[in-house]
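Given next are the chains, with one letter for each unit.
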Amino acid sequence: TGSTDTLGYLRRAESQYASSNDDDGEGTNFALSQTVTACIYYIPFEGYNRTVTGPYSLEMSFQAAPNDDYPNNQADAAPIPNNPDGDNLIDGIIGESGDKDYFSFTLDAPYKVVLQTTGDTDTIGTLFDKDGNELAFNDDAGDDNFNFRLAGTLEPVTYFILVEGYDENTIG
């Protein structure tokens, strides 16, 4: 906080870039909000354009990350309810860096299927057969260009869908 225009960064101890921000805080101050995994982080910050000087205050708050909502592996995939003639909506969250959510579904006849996410989280989706072979992959075909969308006619067998964030820093 303060009147100095600041630019802040979040870096992992091994110097990997995690995120940065310029003006999402109060006034012209940076604000960073990110779910992180356990390790050492550094928060370097500076005056905007490295030319701004002045007083500042650094505020930090912490909130426990949400529990993982769905299994991270195909063997324990969460079953999608068998409702082939209606919507099967499942709410999920990419709860931490690198989180993966696996789901399974079984068709008893050929169906036209649409698998997609909605919301503000940038997701990718991968469809697998029962042996773990990748059948389809999509990143940004959803209506808002952040969500995946897979559509097609599927035969009557068991399938697995993997939902994950666009990259290791995607959460939400």
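Residues numbered from 1 in each chain as written. Predicted model: local features only at pLDDT ≥ 70, side-chain atom pairs only at ≥ 80, totals over all residues. Heavy atoms only, no water.

## Describing the overall build of the protein chain
As a reminder of what qualifies: Numbered from the N terminus, helices here are DSSP runs of H or I no shorter than four residues, and strands are runs of E no shorter than two. Should any heavy atoms of two residues lie within 4.5 Å, those residues are counted as being in contact. Method for areas: the Shrake-Rupley scheme with a 1.4 Å probe, in which residue coverage is limited to the protein chains shown.
Broken down by element type, the protein chain carries 0 helices and 11 strands. Within the protein chain, counting contacts between residues at least 6 apart in sequence, those at least 24 apart form 66% of the total. For the protein chain, the accessible area works out to roughly 10800 Å², and carbon and sulfur atoms hold 47% of it.

## Notes on the packing of aromatic side chains
Put simply, the rule is: Pairing of aromatic rings covers Phe, Tyr and the six-membered ring of Trp, with a centre-to-centre limit of 6.5 Å; geometry is then stacked below 30 degrees between planes, edge-to-face above 60, and tilted otherwise. For every residue, the accessible area obtained with a 1.4 Å probe (protein chains only) is divided by the maximum for its type, and the residue is called buried under 20%, exposed over 50%, and partly exposed between those limits.
The full count for this structure, using the stated rule, is 5 aromatic pairs. Ring centres 4.6 Å apart and planes at 55° place the aromatic pair Y70 and F103 in the tilted group. Highlighted residues: Y70 in the loop between β4 (45–47) and β5 (78–79) and F103 in strand β6 (residues 100–106), separated in sequence by 33 residues. A single burial state applies to Y70 and to F103, both of which are buried. Three or more aromatic residues joined by ring pairs make a cluster, and in this case those are F30, F45 and Y56.

## Observations concerning the sheet that holds β6
In plain terms, the rule: By definition, two strands form a pair when at least two bridges between them are found by DSSP.
If you trace the 5 strands from one edge of the open sheet to the other, you get β5-β6-β11-β8-β9, paired in mixed fashion. Looking at which strands have only one partner, the edges of the open sheet turn out to be β5 and β9 (134–138). Of the pairings in the sheet, the one linking β5 to β6 comprises 2 bridges and is parallel in character. The residue of β6 that forms the bridge with P79 is S104.

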